[in-house]
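Listed here are the chains, written in short residue letters.
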Amino acid sequence: MYLDKKVTILVPSAGSGIRMGGQVRKQYLQLRDKEILKWTLENFYKLSFWDELFVIVPYEDVEIVKQKVDIWFYDEFRKISVIAGGDTRQKSVFNGLSATPKDTEFVVVHDGVRPFLPVKKTLNALDTLNETDELYGIIAAVKITDTIKSVSEKKIIESTIDRDKIWAVQTPQIFKFQTLLEAHQVASEQNLTVTDDAALLEYMDKKVGIFESDRNNIKITEPYDLLMAELVLNQYIGNEEVKR
C-alpha cells in the first residue's frame, strides 16, 4: 500500500516476438541465468509500494507462466496473477485494467521485456502524480540526442524537427486508474488504436507528464537488444538502488 492508496502493476507480456526470431517468445528468453520476464518481475517484487500485480501473457501461455510465477515468488499479502492478453498490446492492457480491483488508485504499466526498471525515478514519478491534481498520468521518457528529420513518402527531407521538444517514450507509465480505465473503454467503443496508453489520455484531453528515465531501460525486441542487455546487466546488478 502506497501512502494508504492502492497501487496495481500491469506487466503486458503477450507479444509474439516476431522481430526476435526463433521459436521462443522474447519474454521467455534467457538473460544470463534468468528469463527476461523474471528479471522484470523481480524488480517489482523487491519493492513495497504496490498491492497487486498482473502479468499479461498469450492465452496459450497462461498456465505455464502461472507455474513459473508460483515457483519464482510467494507473498501472502501481495498477489501476482497471470491473465490472458489480447491480440494487441492495447487490448492486453485493457484486459489487465478490467481485472484490476476497482478500489485501485494508481496503475503502473510496464513492459515485460524491459528488465532494467529505473527504480528511484519510478518512485519519484509516483510521488509527483500523487501530489498534483493537474496530471492524470506520468510516463518514462528519454531525450533525443540525434538530429531528427521529417521526410516525405519518397524519402525527401521536408524539415528538421527541434529535438529539444522530442522525447523517446518508455515504460513504466503511471496513471490514475479510473482515468486510464475510462480512456480504454472509450477507445474500445470508438475502435481507436494507439501505440501507448498515454496517447489515449491525450485523446481525452487529460494532461500527462513525463519523467526523465534511463537509457539503460531498454526494451528487448530484437537480437541486438539482447546483446546490449548483457552489457547493461553488470552495471544494473552492481548498482542496486535503495528499495522502498
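Remember, predicted model here, so these are calculated numbers, not experimental data. (Residues numbered from 1 in each chain as written. Predicted model: local features only at pLDDT ≥ 70, side-chain atom pairs only at ≥ 80, totals over all residues. Heavy atoms only, no water.)

Asker: Please clarify how unusual backbone geometry should be interpreted in this entry.
Answerer: For residues besides glycine, phi is generally negative; the peptide bonds are generally trans as well. Here the amide bond leading from Thr171 into Pro172 is cis, since omega sits at 15 degrees, within 30 degrees of zero. Among the secondary structure elements, Pro172 is positioned in strand E10 (residues 167-176). Positive phi, close to 65 degrees, is recorded for Lys155, a residue that is not glycine. Assignment of secondary structure puts Lys155 in the loop between strand E8 (148-151) and strand E9 (157-161). Classification of Lys155 as exposed rests on a relative accessible area of 71%. One non-glycine residue, Asp205, lies in the positive phi region at around 60 degrees. Looking at where Asp205 falls in the secondary structure, it is placed in the loop between helix H6 (197-203) and strand E11 (208-212). (Helix = DSSP H or I, 4+ residues; strand = E, 2+ residues; numbered from the N terminus. Buried < 20%, exposed > 50% of the residue type's maximum accessible area, 1.4 Å probe, protein only.)

Asker: Which parts of the structure should I look at to understand the pairing of E10?
Answerer: Look at any regular strand and the pattern is simple: side chains alternate between the two faces of the sheet. Counting buried positions over the ten residues of E10 gives seven, a clear majority of the element. As judged from the four bridges shared by strand E6 (residues 106-109) and E10, these two strands associate in the antiparallel manner. The partner of Val107 across the bridge, within E10, is Phe175. As judged from the six bridges shared by strand E7 (residues 137-143) and E10, these two strands associate in the antiparallel manner. Along E10, the bridge assignment pairs Ile138 with Ile174. (Pairing = 2+ DSSP bridges.)

Asker: Sorry if this is basic, but what is going on with the packing of helix H3 (residues 89-99) against helix H5 (residues 177-190) here?
Answerer: Packed helices, taken two at a time, are described by their axes: the angle between them and the distance between them. It is at 10 Å that the axes of H3 and H5 come closest, and there the two elements cross at 130 degrees. As far as their axial angle goes, H5 and H3 are oblique. Of the two possible hands of crossing, H3 and H5 adopt the one that is left-handed. Residues Gln90, Val93, Phe94 and Leu97 of H3 form the contact with H5, whose own contacting residues are Phe177, Leu180, Leu181, His184, Gln185, Ala187 and Ser188. Its residues assigned to classes, the contact of H3 with H5 shows seven nonpolar, four polar and no charged. (Axes fitted to C-alpha atoms, helices over the stretch in contact; angles between N-to-C directions. Parallel < 35°, antiparallel > 145°, perpendicular 65-115°, else oblique. Left-handed = near helix turned anticlockwise from the far one by under 90°. Contact = heavy atoms within 4.5 Å. Nonpolar A, V, L, I, M, F, W, Y, C, P; charged D, E, K, R; others polar.)

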